[in-house]
Each structure stands twice: as C-alpha cells, then as structure tokens.
Amino acid sequence: MLPRIHKRLSMRGLIAAVLGIAGAGLAGCSTSADISYGSYRFGPGYESGQVYESRVFGDTQQGLGAENCRTVVRRERDAFGRLSSREETVCE
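Residues numbered from 1 in each chain as written. Predicted model: local features only at pLDDT ≥ 70, side-chain atom pairs only at ≥ 80, totals over all residues. Heavy atoms only, no water.

1. Thoughts on the side chain of Q50
Move 1: In this structure, Q50 sits in strand 2 (residues 46–59).
Move 2: Residue Q50 is classed as buried on the basis of its relative accessible area of 19%.
Move 3: Within polar-contact distance, the side chain of Q50 engages the side chain of Y52 at 2.4 Å.
Move 4: Contacts of Q50, omitting those with residues within four sequence positions, involve Y37, G38, S39, R70, T71 and V72. (Helix = DSSP H or I, 4+ residues; strand = E, 2+ residues; numbered from the N terminus. Buried < 20%, exposed > 50% of the residue type's maximum accessible area, 1.4 Å probe, protein only. Polar contact = N/O pair within 3.5 Å; in protein donor to acceptor, adjacent residues only side chain to side chain. Contact = heavy atoms within 4.5 Å.)

2. Quick word on the packing of aromatic side chains
Move 1: Counted by the stated rule, this structure contains two aromatic pairs.
Move 2: Each ring, one from Y37 and one from Y52, has its centre 5.1 Å from the other, and the planes form 20 degrees; the classification is stacked. Residue Y37 is located in strand 1 (residues 30–43), and its partner Y52 is located in strand 2; the two are separated by 15 residues in the primary sequence.
Move 3: For the ring pair Y40 and F42, a centre distance of 6.0 Å and an interplane angle of 35 degrees mean the geometry is tilted. Of the two residues, Y40 and F42, neither departs from the other in class, the shared state being exposed. (Phe/Tyr/Trp six-rings, centres within 6.5 Å; stacked < 30°, edge-to-face > 60°.)

3. A few points about the environment of I35
Move 1: On the secondary structure map, I35 appears in strand 1.
Move 2: Here I35 falls in the exposed class, since its relative accessible area comes to 59%.
Move 3: Here the alpha-carbon distance between I35 and R55, two residues 20 residues apart in the chain, equals 6.4 Å.
Move 4: I35 has contacts with Y52, E53 and S54, leaving out every residue within four places of it along the chain.

Treat this as a map of the structure, not an account of what it does.
This is the structure:
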C-alpha cells in the first residue's frame, strides 16, 4: 500500500511541476487586436490601393500600446508597357 501512496504523491508533484512550467511560459505572452480597411482605384495604365490598419497590443514586457499604419501600393505601366510597382508604409 505504501508504494501506491508514494506513486500518487510523485504524480501530483509531476503535475504541479508541469503546471508551474506552463504558467511561467504564459507569463511572457502578448496579444493584439487588429482592424483594417482599404480602398482601391484604377484607370488607364495605373492601379492604386490603400490599406489602413489600426492595432492595439498588450505585451507583458512592453505593456499596452497602439499603432496606426497606412500602406499605399501603386502600379503603373510606362510607354513601353512595362509594369512598375511602388509600396510605402507609414506608421504612427
């Protein structure tokens, strides 16, 4: 009967250790919520798109924060029909 009690105690100790390690791993977590919307325009020889993103984040090391970004993509064809693309991202 003693070996069974010892086995149960060691199993409980093992479970407590696993939960402790998992809890320590979760202490370094981060989370975020993103919202984005965009617009698109085109005409003869060009395409243009804009995407607006707003991000709220929380991190155990950096705390809470927010970021707003705008990405503009523009594609144009030159006189010879070659396609060129330009992308610019600005964040605040």
